[in-house]
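Summary of the model geometry
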Amino acid sequence: MSRLFGLYLVTPGTPMAPADLAAIVERAIRGGARLVQYRDKDADPATRIAKAEALLGLCRARGVPLIVNDDLGLAARIGADGVHLGRDDPDPRLARARLGPDALIGVSCYADLARALDAATAGADYLAFGSFFRSTTKPNALRADPALLRGARKTLGRPLVAIGGITPDNGGPLIAAGADMLAVVSGVFDAPDCEAAARAYTRLFPTEDSR
Ligand SMILES: Cc1ncc(COP(=O)(O)OP(=O)(O)O)c(N)n1
Ligand SMILES: Cc1ncsc1CCOP(=O)(O)O
């Protein structure tokens, strides 16, 4: 698994034809997205399988991992690279047992460092914090203060993902505070040029040589 660093694209979960979804994800990968999460709360099971499989094929061809939000069963069924788990989802240990030692397991920690420590102990590969800014995708998301990332950096020893209302204009300070990845939905999916938008996030990160 490549190092967890850079733009993390999360799909919006709004009704969208599989081909349109794949086209945007492909453009975002061209713009530098290094990890993709299939997040889809509303589609029926057959549509979810079809979309996730289409994205997995695309991501495999581009060498970018695809993980599934919430749904451990779907991740196992399609052979995804991992799963992202929130408060209402299975324990990371269960996900590890089901998906295997190489699976990428991410856990939502909101603004809760104690939860993050537990998740790290339970084998999470990355810890996600947020929402750092108001999110149109998830307007009622719990809010986190960017300063939290500095403490998380010192104590957790795992890659940190920041999410929620992140734009190319407000993302830099989150990276400076300790975020390894910026997870983004609307900043890419709602942009007139998805590839250019992804590139604008990608440019916020130091290059491999300067890290
Ligand atoms: C990278 C990343 N971080 C946080 C979330 C939110 O997960 P969760 O709290 O489970 O909420 P839903 O996504 O299920 O609404 C995420 N999906 N990805
Ligand atoms: C899933 C999720 N969890 C907290 S905010 C959020 C949505 C992020 O989307 P956007 O990048 O459009 O704010």
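For the protein chain, an unreviewed UniProt entry supplies the name Thiamine-phosphate synthase and the organism Thioalkalicoccus limnaeus. UniProt's Function (unreviewed entry) comment on the protein chain is quoted here verbatim: "Condenses 4-methyl-5-(beta-hydroxyethyl)thiazole monophosphate (THZ-P) and 2-methyl-4-amino-5-hydroxymethyl pyrimidine pyrophosphate (HMP-PP) to form thiamine monophosphate (TMP)."

As a further point, take the environment of glycine 57. Here glycine 57 shows up in helix α2 (residues 45–62). Judged by the 13 C-beta atoms lying within 10 Å of it, glycine 57 is partly exposed. Sequence separation between glycine 57 and alanine 80 is 23 residues; the distance between their C-alpha atoms is 9.9 Å.

Here we come to the site of ligand 2. Within the structure, ligand 2 sits among 15 residues, and Ser135, Thr137, Gly164, Val185 and Ser186 are positioned closest to it. A per-class count over the shell around ligand 2 returns five nonpolar, nine polar and one charged.

Definitions and limits used
- Residues numbered from 1 in each chain as written.
- Chains lettered and ligands numbered in written order.
- Predicted model: local features only at pLDDT ≥ 70, side-chain atom pairs only at ≥ 80, totals over all residues.
- UniProt positions renumbered as here; feature names shortened; annotations may be inferred.
- Helix = DSSP H or I, 4+ residues; strand = E, 2+ residues; numbered from the N terminus.
- Buried ≥ 20, exposed ≤ 12 C-beta atoms within 10 Å, placed from the backbone.
- Near = placed C-beta within 6 Å.
- Nonpolar A, V, L, I, M, F, W, Y, C, P; charged D, E, K, R; others polar.

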